[in-house]
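# A structural walkthrough
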Amino acid sequence: MAVYTELAAETLEAFLATYDIGQLVSFHGIAEGVENSNFLLRTTQGDFILTLFERRVQASELPWFLGLMQHLAQAGLTCPLPVNDREGKPLKILAGRPTAITTFLPGVSASVLDEGLCRELGAALAKLHLAGKGYSATRRNALAPDAWGPLLRSCSGTGDTILPGLTSELEQGLERIVAEWPAKDALPTGQIHADLFPDNVFFRDGQVSGLIDFYFACTDFLAYDLAICLNAWTFTDERIFNSAFFMALLEGYEAVRPLSAAEKNALPILCQGAAMRFLLTRLYDWINTPANALVTRKDPLAYLWRLRHFQGRH
Ligand SMILES: Nc1ncnc2c1ncn2[C@@H]1O[C@H](COP(=O)(O)OP(=O)(O)O)[C@@H](O)[C@H]1O
Ligand SMILES: N[C@@H](CCOP(=O)(O)O)C(=O)O
């Protein structure tokens, strides 16, 4: 999260008056994250998260995300729950943005990863995939391979200012990924989180205690979600691959949901695709983040090193 839209206390007080969650005690913008504006609200009834949806999220898709969170919570996962206003509405408009209040989850994300945490995360991801089964509404992945070419072209010219030769390296990498990407019905699909990075997972006593940030969730290959996590969790210092973390994450996942042979075969290309997807959105954001926003841009090159690793180049 981040803060792109500032809020005055009076605006927030008036907004909260349409809910039944007590009076505002304090609030502050959350600097972590990059997508939406987020505030931690303390009211006389407890803590809540206020999200103003800013960027990649389509307002028409918000009911799907909120419904997924509700479904997963009912299936036993710990994730934020949308809070309804007095009229029973979970989605409103504040400062011209679609806005939701969700429950606050206690817990902290891991600042230093280890094999045990990777194993736990793998198991939690597989449980999410199983729990998502009963949620039948689908959402197309707006950041699937067909979106990567246009995203790269929209950054053209800028890539090489970050690293000479980057644009042509990405064009070649992308061509191969798109050519080898599994066909639509080649692998099991379902509801995927699609952004289960360490900052979106809370742990307590070494066990996963909660998952947050479902606003990239979509219906896609389950093994692609695993590939995203293998990218995000198994490199230290942003470029050093840790094979023990990789194996632990895979084992944790397979202890709950064993992979099919087709999924195992596809994993190398799915890992390349996952690296490409985060590299491209980071590259786009590197150029397009407003200078006055409370946000820390993420380094695109951290995912170039991952891409090269999964391409077998070191
Ligand atoms: N439901 C929640 N409970 C507790 N903390 C939260 C919750 N949602 C977000 N946060 C805090 O806000 C930070 C950014 O949230 P995140 O959902 O990752 O943002 P974004 O939508 O921009 O990706 C998290 O790292 C966490 O500290
Ligand atoms: N995980 C993405 C950025 C968006 O996620 P957030 O949870 O940090 O807001 C990345 O690392 O590129």
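Structural notes, computed from the coordinates. (Residues numbered from 1 in each chain as written. Chains lettered and ligands numbered in written order. Predicted model: local features only at pLDDT ≥ 70, side-chain atom pairs only at ≥ 80, totals over all residues. Heavy atoms only, no water.)

A large share of strand 2 (residues 37-43) lies buried, amounting to 6 of its 7 residues. In this sheet, strand 2 lies alongside strand 1 (residues 24-29) in antiparallel orientation, the contact comprising 5 bridges. The residue of strand 2 that forms the bridge with glycine 29 is phenylalanine 39. Of the strand pairs in this sheet, strand 2 and strand 3 (residues 46-52) are connected by 7 bridges, and their pairing is antiparallel. Bridge assignment links arginine 42 to a residue of strand 3, and that residue is aspartate 47. Here strand 2 hands over to strand 3 after 2 residues, the two strands then running antiparallel side by side. (Buried < 20%, exposed > 50% of the residue type's maximum accessible area, 1.4 Å probe, protein only. Helix = DSSP H or I, 4+ residues; strand = E, 2+ residues; numbered from the N terminus. Pairing = 2+ DSSP bridges.)

For soluble globular proteins, the rule of thumb is that nonpolar side chains tend to be buried together. The biggest cluster of nonpolar side chains holds 83 residues, and the ones touching the most others in it are Leu170, Phe214, Tyr224, Leu226, Trp233 and Leu270. In this structure, this core is formed jointly by two domains, domain 1 (9-103) and domain 2 (115-310), each of which donates at least three residues. Contact partners of leucine 226, with chain neighbours within four places excluded, come to Leu125, Leu249, Leu250, Tyr253, Leu259 and Leu267. Membership of the second largest hydrophobic core comes to 15 residues, among which are Leu7, Leu24, Phe48 and Leu94. (Core = buried A, V, L, I, M, F, W, Y, C linked by side-chain atoms within 4.5 Å. Domains from an automatic or database assignment. Contact = heavy atoms within 4.5 Å.)

Turning to the packing of helix 9 (residues 261-288) against helix 10 (residues 301-310), a few remarks are in order. Viewed as axis vectors pointing N to C, helix 9 and helix 10 meet at an angle of 165°, and their least axial separation amounts to 8 Å. Here helix 9 lies roughly antiparallel to helix 10, going by the angle between them. Both helix 9 and helix 10 take part in a crossing whose hand is left-handed. Listed contacts from helix 10 to Pro268, Cys271, Gln272, Ala275, Met276, Phe278, Leu279 and Arg282 of helix 9 are Ala302, Tyr303, Leu304, Arg306, Leu307 and Phe310. Counted by class, the contact of helix 9 with helix 10 contains 11 nonpolar, 1 polar and 2 charged residues. (Axes fitted to C-alpha atoms, helices over the stretch in contact; angles between N-to-C directions. Parallel < 35°, antiparallel > 145°, perpendicular 65-115°, else oblique. Left-handed = near helix turned anticlockwise from the far one by under 90°. Nonpolar A, V, L, I, M, F, W, Y, C, P; charged D, E, K, R; others polar.)

Glancing now at helix 4 (residues 145-154). Those residues of helix 4 that sit buried are Pro145, Ala147, Trp148, Gly149, Leu151 and Leu152. Looking at the buried positions of helix 4, the neighbouring elements they touch are helix 6 (166-180), helix 7 (222-233) and helix 9.

We now examine unusual backbone geometry. Most of the time, phi is negative for any residue but glycine, and the peptide bond is trans. The phi angle at aspartate 205 is positive, at roughly 50°, despite the residue not being glycine. In this fold, aspartate 205 is placed in the loop between strand 8 (201-204) and strand 9 (207-211). Not every positive phi belongs to a glycine, and aspartate 213 is a case in point at roughly 65°. One can find aspartate 213 in the loop between strand 9 and strand 10 (218-221). Aspartate 213 gets classed as buried once you look at its relative accessible area, which sits at 18%.

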